[in-house]
Amino acid sequence: MSIAMATANALGPAATARAAVLTVVEAGVATSVQDLGRPGLAHLGVPASGPADRRSFRLANRLAGNPENTPAFEVTLGGLAVTLSESRYVAITGAPVPVTVDGVPVHDAPLVRLPAGAVLAIGRPWAGCRTYLTVSGGMEPVRVLGSASRDSLTGLGPDPVGAGSRYGLGPARPVPGVPLELAFSVVPCGGPVPVRFRWGPRHELFGAADRHRLTSEPWRVSAQCDRVGARLTGAALSIGSVDLASEGTMRGAIQVPPSGEPIVFLADHPVTGGYPVIGVVTDADIDLVGQAVPGDELRLTPMY
Amino acid sequence: MNGAAPVLRRAGDRGWLIDCAGPRPADVATAIRARPWASELRDVVPAATTVLVVAETLAGMEPLAAELRAVLDEVGGRESRPAPGRTVVIPVRYDGADLAAVAERVGMDPHRVARLHTEGTYTVGFFGFAPGFAYLDGVPEGLRLPRLSSPRPRVAPGVVAIAGNQTVVYPGGTPGGWHQIGVTTERLWDVDAQPPNRLAIGDRVVFEAVAS
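Just so you know, these numbers come straight off a predicted model, no measurement behind them.

Engineer: Explanation requested: the overall build of chain A in the structure shown.
Structural biologist: Looking only at helices and strands, chain A has four helices and 20 strands in total. Since a compact globule built from 304 residues should have a radius of gyration of about 19 Å, the 20 Å found for chain A is in line with a globular shape. Dimensions of chain A, computed from the C-alpha atoms along their principal axes, are close to 65 × 40 × 30 Å. By residue count, 55% of the 304 residues in chain A fall in the buried class. Long-range pairs, those at least 24 residues apart, make up 76% of the contacts in chain A with a sequence separation of at least 6.

Laid out in structure tokens, this is it:
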């Protein structure tokens, strides 16, 4: 895409020289604005939301010299193109993607100096599914209940990202110079993904054979996989219907509905659920599940 | 109250799920929040029979369990006293879309349904289903009905509805499978307000009929 096109499409005559602005040229299939979410409100029915891969999200902001909670784009399966009204550093982490500036491929993409008016576009990831893009100084979207995270379950947060969406930017920050060789993101890239979990709170509702099956059989991420959760397919557990009142749930919960095919809760999970939770993926490994794509194989390994 | 003792179940790296057995989850949650160490908790989430407690960090999960057991001993040992919450009065216009159908199913006239609903003593048990959706326990026996067989896709804020022994004031924008008997102009959930919730866990709620 040429500079001329980008200027005509995105910035237009209305853009003033005063405040720096990011304009979305193309939104991609499932791009949202995220910060670290709205934790601590579950008792009011409010999901925590936030990035599906928190580690990569934080890394993006550290690279750009921003506080860790600065709003950024979570780009699922690529397709985002943006332009800036003023030259800034842009950090890109998470699922590795081809990056171009005005159509020219950029190498060593974690940190890119994007000139004013140029269009930075990210393509489909080679591995994983969620890429984070943040700008030095950070975007300043609407905050709802203290957070700029768009919660796909409840609709709380800023409006969905679309072509033409514009975001004011904070003052540019000095980029801290994180050594780029340390700026690696952890995503599944072929082969079984080891995922550790803790048993409970409702593993006792399952027989020994089912518990064994959970940890010994391979589970594949199905096409029903979004920010709320990832449904797994494999040798279904035989839970049948259990009479359990709804109870609080957490990110990483491995919930088993009557079909016997587990769902791993991700960022926008409901705060309560009525199906038994056989185990909970560790904090350390849940970001990996947030990067898994349909077809990826997970090996669920109990902590003890 | 039954004889079973509360049970703590591990719920992930940083969580304990308390099966309350005897004491009401709202009372357990309120007692936990009152402890000085509650500032180290991220979430205390009461539900129908449980309270989920999530710590900010993984360190000290066993000491936390010991503290939680002490809270449970204290709450369980208490005679059932009224919850320490406030009382919130909510004016309701009883002219909901399902009022006539409810009246027919319970065999009363609509005025009597409204009266009976205002005579209930309600307590905020827990929130769930959607942001600001507070389950209020205490619908009088004569008004208890199962949910609608087919939920409505979207319910406006302020709609007052009943199902089972629970009543709710819809926060707005959610689907709804409860029987709509009235509406209030009070805004009980507002994401732009600080705090967003007018009702808190443990509060008592009184509904007052106002003229249509």
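Engineer: I'm lost on the packing of aromatic side chains in this one. Help?
Structural biologist: The way to describe two aromatic rings as a pair is by their centre distance and the angle between their planes. All names here are of chain B. Under the criterion given, the structure shown has 10 aromatic pairs over all chains. Joined through ring pairs, the aromatic side chains of Phe126, Phe129, Phe133, Tyr135, Tyr170 and Trp178 make up one cluster. Over the ring of Trp16 we find Arg10; its NZ or CZ atom is 5.3 Å from the centre of that ring.

Engineer: I would appreciate a short explanation of the pairing of strand S20 (residues 297–302) of chain A in the present structure.
Structural biologist: Across a regular strand the side chains alternate sides, sitting on one face of the sheet and then on the other. By the bridge criterion, five bridges tie strand S12 (residues 193–199) of chain A to S20(A) in an arrangement that is parallel. Counterpart to Arg196(A) in the pairing with S20(A) is Thr301(A).

Engineer: Please explain the sheet that holds strand S3 (residues 72–76) of chain A as it appears in this structure.
Structural biologist: Strand pairing in a sheet relies on backbone hydrogen bonds. The paired strands run either parallel or antiparallel. Residue and element names in this part refer to chain A. Pairing in this open sheet of five strands is antiparallel, and the strands run S2-S3-S10-S5-S8 from one edge to the other. At either end of the open sheet lies a strand with only one pairing partner, and these are strand S2 (30–34) and strand S8 (111–114). In this sheet, neighbouring strand axes are inclined to one another by 25° on average, regardless of whether the strands run parallel or antiparallel. In this sheet, strand S10 (residues 130–135) lies alongside S3 in antiparallel orientation, the contact comprising four bridges.

Engineer: What exactly am I supposed to notice about the nonpolar core here?
Structural biologist: The tendency in soluble globular proteins is for nonpolar side chains to be buried side by side. Core analysis: the largest hydrophobic core is formed by 36 residues, its most contacted members being Ile90(B), Leu136(B), Leu199(B), Val205(B) and Phe207(B). Breaking this core down by element, the ones donating at least two residues are strand S5 (87–93), helix H3 (99–106), helix H4 (110–119), strand S6 (122–127), strand S7 (134–137), strand S9 (159–163) and strand S13 (204–210) of chain B. Top element by residues in this core is H3(B). It accounts for four residues. Beyond its immediate sequence surroundings of up to four residues, Leu136(B) is in contact with Tyr122(B), Thr123(B), Val124(B), Asn165(B), Gln166(B), Thr167(B), Leu199(B), Val205(B) and Phe207(B). Core analysis: the second largest hydrophobic core is formed by 28 residues, Val24(A), Val101(A), Val135(A) and Met139(A) among them.

Engineer: What exactly am I supposed to notice about the interface of chain A and chain B here?
Structural biologist: Size of an interface, as often reported, equals the accessible area lost when the parts are brought together. Across the boundary between the two partners, chain A contributes 31 residues, which contact 31 residues of chain B. Around 2,400 Å² of area is buried between chain A and chain B when both sides are counted, 60% of it from carbon and sulfur atoms. Considering only the side of chain A, the residues that lose the most area to chain B are His43(A), Leu44(A) and Arg198(A), jointly responsible for 26% of the buried surface there. Run the count over chain A and chain B and you get eight residue pairs in polar contact (both at pLDDT 80 or more).

Engineer: I keep staring at H4(B) and nothing clicks. Help me out?
Structural biologist: In an α-helix, one turn spans 3.6 residues; hence positions three or four apart end up facing the same way. Residue and element names in this part refer to chain B. Val113, Ala114, Leu116 and His117 are the residues of H4 that are buried. Each buried residue of H4 lies within a common arc of 165° when the element is viewed along its axis, so the set occupies one face. Exposed residues pointing more than 90 degrees away from the buried face of H4 are listed as His111 and Arg115. For H4, the secondary structure elements touched by its buried residues are H3, S6, S9, strand S10 (166–169), strand S12 (179–183) and S13. The opening residue of H4 is Asp109, an N-cap whose side-chain oxygen sits 2.9 Å from the backbone nitrogen of His111.

Engineer: What exactly am I supposed to notice about the packing of helix H1 (residues 25–33) of chain B against helix H2 (residues 61–77) of chain B here?
Structural biologist: How two helices sit against one another is set out by the angle between their axes and by the gap between those axes. Residues and elements named next belong to chain B. For the pair H1 and H2, interaxial distance at closest approach is 10 Å and the crossing angle is 125°. The pairing of H1 with H2 is recorded here as oblique in orientation. As H1 packs across H2, the resulting crossing turns out to be right-handed. On H2, the residues touching Asp27, Val28, Ala31 and Ile32 of H1 are Leu68, Val71, Leu72 and Val75. Residues belonging to the contact of H1 with H2 are distributed by class as follows: seven nonpolar, no polar and one charged.

Engineer: When you look at the sheet that holds strand S1 (residues 7–10) of chain B in this model, what are you seeing that I'm missing?
Structural biologist: Residue and element names in this part refer to chain B. The strand order across the open sheet built from four strands is S1-S2-S4-S3, with neighbouring strands paired in antiparallel fashion. Either end of the sheet is taken by a strand with one partner, and the two such strands are S1 and strand S3 (41–46). Along the sheet, successive strands turn relative to each other by an average axial angle of 20°, direction set aside. As judged from the four bridges shared by S1 and strand S2 (residues 15–19), these two strands associate in the antiparallel manner. Note on S2: the bridge partner recorded for Val7 is Asp19. Here H1 sits on the sheet in contact with S2, S3 and strand S4 (50–55), set at roughly 160° to S3. Those strands touched by H2 are S1, S2, S3 and S4, and its axis lies near 25° from that of S2.

Engineer: Sorry if this is basic, but what is going on with the side chain of Gln255(A) here?
Structural biologist: Secondary-structure assignment places Gln255(A) in strand S16 (residues 253–255). Excluding anything up to four places from it in sequence, Gln255(A) contacts Glu261(A), Pro262(A), Ile263(A), Phe265(A), Gly273(A), Gly274(A), Tyr275(A), Pro276(A) and Val277(A).

Engineer: How should I be thinking about empty space enclosed by the protein in this particular structure?
Structural biologist: Once rolled over the atoms, a probe with the size of a water molecule shows which space is left empty. Inspection of the entire model under this criterion finds two cavities of 30 Å³ or more. Of the pockets and cavities examined, the largest cavity occupies roughly 70 Å³. Here the residues of the lining of the largest cavity sort into seven nonpolar, two polar and one charged. Within this model, the second largest cavity holds a volume of roughly 40 Å³. Looking at the lining of the second largest cavity residue by residue, the classes come out as six nonpolar, one polar and two charged.

Engineer: Even after reading the chapter, I still don't get the pattern of salt bridges, so can you show me in this structure?
Structural biologist: Scanning the entire structure with this criterion turns up 26 salt bridges over all chains. Measuring nitrogen to oxygen at the nearest pair gives 2.8 Å for the salt bridge that ties Arg198(B) to Glu186(B). Within this pair, whereas Arg198(B) is found in the loop between S12 and S13, its partner Glu186(B) is found in the loop between S12 and S13, the two being separated by 12 residues in sequence. On the accessibility criterion, Arg198(B) (34% relative accessible area) is partly exposed. Connected via shared salt-bridge partners are Arg202(A), Glu204(A), Glu247(A), Arg9(B) and Asp19(B).

Engineer: What is the right way to look at the environment of Ala5(B) in this model?
Structural biologist: Residue and element names in this part refer to chain B. Looking at where Ala5 falls in the secondary structure, it is placed in the segment before S1. A relative accessible area of 55% means that Ala5 is categorised as exposed. Taking the C-alpha atoms as reference points, Ala5 and Thr57, separated by 52 residues in sequence, lie 27 Å from one another.

Conventions adopted
- Residues numbered from 1 in each chain as written.
- Chains lettered and ligands numbered in written order.
- Predicted model: local features only at pLDDT ≥ 70, side-chain atom pairs only at ≥ 80, totals over all residues.
- Heavy atoms only, no water.
- Helix = DSSP H or I, 4+ residues; strand = E, 2+ residues; numbered from the N terminus.
- Rg over C-alpha atoms; globule rule 2.2 N^0.38 Å.
- Buried < 20%, exposed > 50% of the residue type's maximum accessible area, 1.4 Å probe, protein only.
- Contact = heavy atoms within 4.5 Å.
- Phe/Tyr/Trp six-rings, centres within 6.5 Å; stacked < 30°, edge-to-face > 60°.
- Lys NZ or Arg CZ within 6 Å of the ring centre and 35° of its normal.
- Pairing = 2+ DSSP bridges.
- Axes fitted to C-alpha atoms, helices over the stretch in contact; angles between N-to-C directions.
- Core = buried A, V, L, I, M, F, W, Y, C linked by side-chain atoms within 4.5 Å.
- Buried area = accessible area lost by both parts, 1.4 Å probe.
- Polar contact = N/O pair within 3.5 Å; in protein donor to acceptor, adjacent residues only side chain to side chain.
- Arc of directions from axis to C-beta.
- Parallel < 35°, antiparallel > 145°, perpendicular 65-115°, else oblique.
- Left-handed = near helix turned anticlockwise from the far one by under 90°.
- Nonpolar A, V, L, I, M, F, W, Y, C, P; charged D, E, K, R; others polar.
- 1 Å grid on protein atoms, 1.4 Å probe; cavity = no way out; pocket = protein on both sides within 12 Å on 5 of 7 lines; lining within 4 Å.
- Points joined across faces, edges and corners; volume = space filled by probe spheres on them.
- Salt bridge = Lys/Arg side-chain N within 4 Å of Asp/Glu carboxyl O.

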